[in-house]
Structure formats: C-alpha cells, structure tokens
Number of protein chains: 2
Amino acid sequence: MFLILVYDVGEKRVGKVLKICRKYLNWVQNSVFEGEISDANFKKLKFELKKAIVEEEDSVIFYILRTTKYSERQIMGIKKGGDDIFI
Amino acid sequence: MFLILVYDVGEKRVGKVLKICRKYLNWVQNSVFEGEISDANFKKLKFELKKAIVEEEDSVIFYILRTTKYSERQIMGIKKGGDDIFI
C-alpha cells in the first residue's frame, strides 16, 4: 500500500517520531512522510509510534492508498527538509 | 479531483490560511484539509493561499488524487478539531 503520514506531536517527541517514521517512509517535508509500505511494516510503524507519542496530546494521521500512488504532489512555499527520494 | 492539503505556516498567518482552506475543503484536523475540488476552485484556492502566505517561510503541500478518494484514513492520538463532514 502507499501511505501518507502527517504527525503533530509535542516538541519533546518530534525527534523520536521523526526517527521512527524515517525507518519506514520517505520524508516529504516537515511533518509529512510518504511511501510504499507493507502491511507488516505498517503494523510495526503504528506500534512504535503508539509507544512514542502521548495519545492525549499528540496526533498522527495515516492516509492509506491501496490501489495506486497519488497522481501529483505540489508544494507551495519553502522546502523545509525532506528526503527527495522520488517524484 | 480529490485533494489532501497540509500546511505549515507562521502563527500569524494560521487564521487566514484556515479561513481560506475551509472555503474549499473539509478540515480533517490541525493542519490537514481534504475534499473534492474542481480544477477552477483548486486554482482559486492556490491563488488565495499564495497571497496569504510568506513563501520564504511557509509551506503548503497538495496531494492530488485524480481517480479516486483514498482508501482509508486512520487517526492515532487525539482529535484536534476537524469538521467531520464525512467518514
């Protein structure tokens, strides 16, 4: 499946969450990651994130695209980091 | 087309950006919006955002899904607002 992940977590936990997400996905920019991921790795990712975040304060959104990659990604404004592995 | 929008803008401009995005899309939570949008409205949205943000400091990411809505959205952690129009 193809996954788009957006996180919003407390400053103290950003480093840890970034590190976990980078193990499984490509960093688009800022709080956004994306990439192909297997069901097994998606489970692992969620398990690790669940331990890293404070569920009462933080949030992580997963968009799951089963059939296809999205058609297009456009970015307006500055590029705040990101892995640039594809496009 | 179906659009997922993620913004990251300076605090001073959040209100304005939120207001613009809400005109065209549904607020999922925090800095994430989504929804069906026509080509014409997508152009309008981008035009308005371009005027509202500081391109050297802010960023907006658009994921464009031409053929279909995403398969699934999962949220981990708290729900920080959002319109809840669908799902």
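- Chain A has the name CRISPR-associated endoribonuclease Cas2 in an unreviewed UniProt entry, where Caldicoprobacter faecalis is given as its organism.
- UniProt, in its Subunit (unreviewed entry) section for chain A, records the words "Homodimer, forms a heterotetramer with a Cas1 homodimer."
- Within the UniProt record for chain A, the comment given under Sequence similarities (unreviewed entry) is "Belongs to the CRISPR-associated endoribonuclease Cas2 protein family."

### Let's talk about the layout of surface pockets
Working step 1: If you add up the space inside the largest pocket, you get close to 280 Å³.
Working step 2: Taken together, 13 residues line the largest pocket, and the ones lying closest to its centre are A:Asp8, A:Ser31, B:Tyr7, B:Asp8 and B:Ser31.
Working step 3: When residues of the lining of the largest pocket are traced back to their parent elements, those giving at least two are β1 (2-8) of chain A together with β1 (2-8) and α1 (11-24) of chain B.

### Points about the sheet that holds strand β3 (residues 32-36) of chain B
Working definition: the strands of a sheet are paired by backbone hydrogen bonds and lie parallel or antiparallel to each other.
Working step 1: Pairing within the open sheet is antiparallel, and its five strands lie in the order β5(A)-β4(B)-β1(B)-β3(B)-β2(B). Edge positions in the sheet fall to β5 (72-77) of chain A together with β2 (26-29) of chain B, since each of these pairs with one other strand and no more. Averaged over neighbouring strand pairs, the angle between their axes works out to 20 degrees when direction is ignored.
Working step 2: Looking at chain direction, β1(B) and strand β4 (residues 59-65) of chain B are connected through seven bridges and run antiparallel. The residue bridging B:Asp8 from the neighbouring strand is B:Ser59, located in β4(B).

### Details of the relation of the copies chain B and chain A
Working step 1: Once turned by 180 degrees and shifted 0.0 Å along the axis, chain B lies on chain A with an RMSD of 0.0 Å. This pairing of chains is accounted for by a two-fold axis.
Working step 2: In this assembly the copies share their binding face: 100% of the residues contributing to the interface of chain B also contribute to that of chain A.

What counts, and at which threshold
- Residues numbered from 1 in each chain as written.
- Chains lettered and ligands numbered in written order.
- Predicted model: local features only at pLDDT ≥ 70, side-chain atom pairs only at ≥ 80, totals over all residues.
- Heavy atoms only, no water.
- UniProt positions renumbered as here; feature names shortened; annotations may be inferred.
- 1 Å grid on protein atoms, 1.4 Å probe; cavity = no way out; pocket = protein on both sides within 12 Å on 5 of 7 lines; lining within 4 Å.
- Points joined across faces, edges and corners; volume = space filled by probe spheres on them.
- Helix = DSSP H or I, 4+ residues; strand = E, 2+ residues; numbered from the N terminus.
- Pairing = 2+ DSSP bridges.
- Axes fitted to C-alpha atoms, helices over the stretch in contact; angles between N-to-C directions.
- Least-squares fit on C-alpha atoms with pLDDT ≥ 70 in both.
- Contact = heavy atoms within 4.5 Å.

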